[in-house]
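# Commentary on secondary and tertiary structure
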Amino acid sequence: IYRTLPAPERITLRQVMLRLVSAGPEGEPTRARVPRRLIDGDRTQEQLLDVLVGSRLVTADDGVVTLAHECLARAWPRLRGCSAS
């Protein structure tokens, strides 16, 4: 998905993915449950979220989105190398 996007959308994808990760008790990355309304409102973010859901990397139900599996937060090199700042 990342490679198919133009540079500005890659930045937006990074922002969406970082919203779906939080720090666990030991500081380790952990998937977070995020109310979809926090992402809705930005058309590009909504479209990218739909792509992630369609690719089964993110789940969406009852107005909440989350990474499909904890390993995406911990073992995925592109996401693991990101910082929230």
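The sections below set out a description of the structure shown in this document.

Conventions used here
Residues numbered from 1 in each chain as written. Predicted model: local features only at pLDDT ≥ 70, side-chain atom pairs only at ≥ 80, totals over all residues. Heavy atoms only, no water. Helix = DSSP H or I, 4+ residues; strand = E, 2+ residues; numbered from the N terminus. Pairing = 2+ DSSP bridges. Core = buried A, V, L, I, M, F, W, Y, C linked by side-chain atoms within 4.5 Å. Buried < 20%, exposed > 50% of the residue type's maximum accessible area, 1.4 Å probe, protein only.

## What to know about the environment of Ala73
Relative to the assigned elements, Ala73 resides in helix 3 (residues 70–74). With 44 residues separating them in the primary sequence, Ala73 and Pro29 have C-alpha atoms 5.6 Å apart.

## Concerning the sheet that holds strand 5 (residues 64–67)
Backbone hydrogen bonds hold the strands of a sheet together, and the pairing may be parallel or antiparallel. One open sheet holds the 3 strands; their spatial order is 3-5-4, and the pairing between them is antiparallel. Either end of the sheet is taken by a strand with one partner, and the two such strands are strand 3 (34–35) and strand 4 (58–61). Where strand 3 and strand 5 come together, 2 bridges link them in antiparallel fashion. The partner of Pro35 across the bridge, within strand 5, is Val64.

## Overview of the nonpolar core
By size, the foremost hydrophobic cluster in this structure holds 16 residues, and its most contacted members are Val58, Val65 and Leu67. Sorting the residues of this core by element identifies helix 1 (7–19), helix 2 (43–54), strand 5 and helix 3 as the ones contributing at least two each.

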